[in-house]
Amino acid sequence: MPTFPHGAVDIVDAPGAQAAARTLEQASELAVDLEADAMHAFRARLCFLQLGTDTDVFLFDTLAPGVEAGLLAPLMADPGRTKFFHAAQGDLQYLAETGVRVQGLFDTHRAATLLGWPKVGLADIARERLGVELPKEHQQSDFALRPLPPEMREYIANDVRYLCELGRQVREECRKADILEEVLLDCARMCEEAVVRPDVGADFKPKLPRAGLSPAQLALGTAIAHALHRKRLEWAEKANVPMGRMLSNMAISDIAVKLPTNPRELARAAGVRGGFVREHGEEVLATVRELSEQSRRGELKPERDSKDSSRDPNRRKREDALKTFRSAKAAERKVTPSVVLPNPVMDALASLPPRNLEELAKVPWFGEKRVRLYGAELLALLALYPAPGHLL
């Protein structure tokens, strides 16, 4: 049975951070996790960066003066040093905001998913592989609290305490299943695609039920949804709460479709709380009335469908053919379909189908192994549904 580090070292000032970084430089494998206050603030902040080795656990308090995540940038960018994360995608974005880019990633969550394990949570894997129980009751806690309560400190330390050993075990299972190259390619893609988080609410896209709505009703609902989204951003920023806690996407969609005319009707909309109606209800109702009147005057133009399939009539055919292909190959290899072709790779092939092995080898994150296993068959398949300008 492997041994694990006892205790954890709190890093609360610049000298401590520099000393910890020097210690971490001696390790070839690192466990990494971080905590933010995303459930409790309008703009989430990085609150802790936890790093562990087989002998040490360091808790970097990134809200403390002088404790900068950027100090670890050279360490994290070293491709010869393995960084074990669990569900790294969001963490990589927070790190990118601090100027830290990761290379050498091994994401145990992604690996377990590609292995087809039924349970891929960190607590599930730790229980199954190590017999260790990791309580998860603090997943939604406010990590900006200072001083951090002892039970929360133990929680964040445990997220990296066992992760190096778990990472090695999961990596070995990938090797046994002959999917390690595919997993590492996916991890490299995640690192490359990690970008700074967009501004709060910048990626909002209303989801309205198109069935049963006329073009005019859909235009009105879309206008209301966008207007309410802009207002909730103002309200949430002023109250310093996440925008979804102020008014959820579900509530916005329900209001945009049902068009409430009074506080009682507004309170019946899905996900709308009584306190919200009392504080912001009149402004919501005024927005609905104003845009409804604009719609009656014909001032709201119906949405245009941005998807123009006539530009590439074979796009959908390629997607369907690739899905069938990967399902068949996954069954042959006894692996999950995403091992054969992960969604980003499949999207790239469907968007601009390669015409020869050289072009196929240049598809990002495709890899030599897939060229060898599937290259000729894929090219023959895609040639059946050429893209415009790709006719041979």
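Okay, so let's go over this structure. Values in this document were obtained by computation on a predicted structure and should not be read as measured data.

Right, let's get into the nonpolar core. Counting residues in hydrophobic clusters, the biggest one holds 92 residues, and the most contacted among them are F60 and L341. In this view, L341 contacts L322, F325, R326, M346, L349, F366, R370 and L378; residues no more than four positions away in its chain are not counted. L208, L218, A227 and I252 belong to the second-largest nonpolar core, a separate cluster that totals 30 residues.

Taken in spatial order, the six strands of this open sheet run 1-4-3-2-5-6, and their pairing is mixed. Looking along the sheet, the strands with just one partner apiece sit at the ends: strand 1 (9–11) and strand 6 (105–107). Each strand of the sheet is rotated relative to its neighbour by a mean of 25°, with strand direction disregarded. Relative to strand 5 (residues 82–85), strand 2 (residues 29–36) runs parallel, the two sharing three bridges. Note on strand 5: the bridge partner recorded for E29 is T82.

Our next topic: helix 7 (residues 163–176). The terminal C-alpha atoms of helix 7 lie 20 Å apart, and with 14 residues this matches the ideal 20 Å at 1.5 Å per residue to within 8%. Immediately beyond the C-terminal end of helix 7, within one or two residues, lies D178, with a positive phi of roughly 60°.

Before going further, it helps to examine the packing of aromatic side chains. Aromatic ring pairs are defined here through the distance separating the ring centres and the angle between the ring planes. Scanning the entire structure with this criterion turns up five aromatic pairs. Seen in terms of ring centroids, F4 and Y162 are 4.8 Å apart; in terms of plane orientation they differ by 70°. Their pairing is edge-to-face. Of this pair, F4 sits in the segment before strand 1 while Y162 sits in the loop between helix 6 (150–161) and helix 7, and the two are 158 residues apart along the sequence. Neither F4 nor Y162 differs from the other in exposure class; each is buried. Ring geometry for F84 against F106: centres 5.9 Å apart, planes inclined by 80°, an arrangement best described as edge-to-face. Placement of F84 in strand 5 and of F106 in strand 6 is noted, with a sequence separation of 22 residues between them. A single burial state applies to F84 and to F106, both of which are buried.

Next up on the list: the side chain of Q50. With respect to the helices and strands, the residue Q50 is situated in strand 3 (residues 46–52). Residue class for Q50 comes out buried when judged on its relative accessible area of 0%. Among the polar contacts listed, one links the side chain of Q50 to the side chain of E35, at a separation of 3.1 Å.

Another point: helix 8 (residues 180–193). An ideal rise of 1.5 Å per residue puts 20 Å on 14 residues; helix 8 measures up with 20 Å between its terminal C-alpha atoms. For helix 8, the full list of buried residues reads L180, E182, V183, L185, D186, C187, R189, M190 and C191.

The next subject is the pattern of salt bridges. Summed over the entire model, instances satisfying the criterion amount to 36 salt bridges. Salt-bridge contacts for K136 lead to D159; the nearest nitrogen and oxygen are separated by 3.3 Å. Of this pair, K136 sits in the loop between helix 5 (122–130) and helix 6 while D159 sits in helix 6; the two residues are 23 residues apart in sequence, bridging distant segments of the chain. Residue classification places K136 among the partly exposed positions, given a relative accessible area of 25%.

Reading the values: the criteria
- Residues numbered from 1 in each chain as written.
- Predicted model: local features only at pLDDT ≥ 70, side-chain atom pairs only at ≥ 80, totals over all residues.
- Heavy atoms only, no water.
- Core = buried A, V, L, I, M, F, W, Y, C linked by side-chain atoms within 4.5 Å.
- Buried < 20%, exposed > 50% of the residue type's maximum accessible area, 1.4 Å probe, protein only.
- Contact = heavy atoms within 4.5 Å.
- Pairing = 2+ DSSP bridges.
- Helix = DSSP H or I, 4+ residues; strand = E, 2+ residues; numbered from the N terminus.
- Axes fitted to C-alpha atoms, helices over the stretch in contact; angles between N-to-C directions.
- Expected span 1.5 Å × (residues − 1).
- Phe/Tyr/Trp six-rings, centres within 6.5 Å; stacked < 30°, edge-to-face > 60°.
- Polar contact = N/O pair within 3.5 Å; in protein donor to acceptor, adjacent residues only side chain to side chain.
- Salt bridge = Lys/Arg side-chain N within 4 Å of Asp/Glu carboxyl O.

Worth remembering: the numbers are spatial, not functional.
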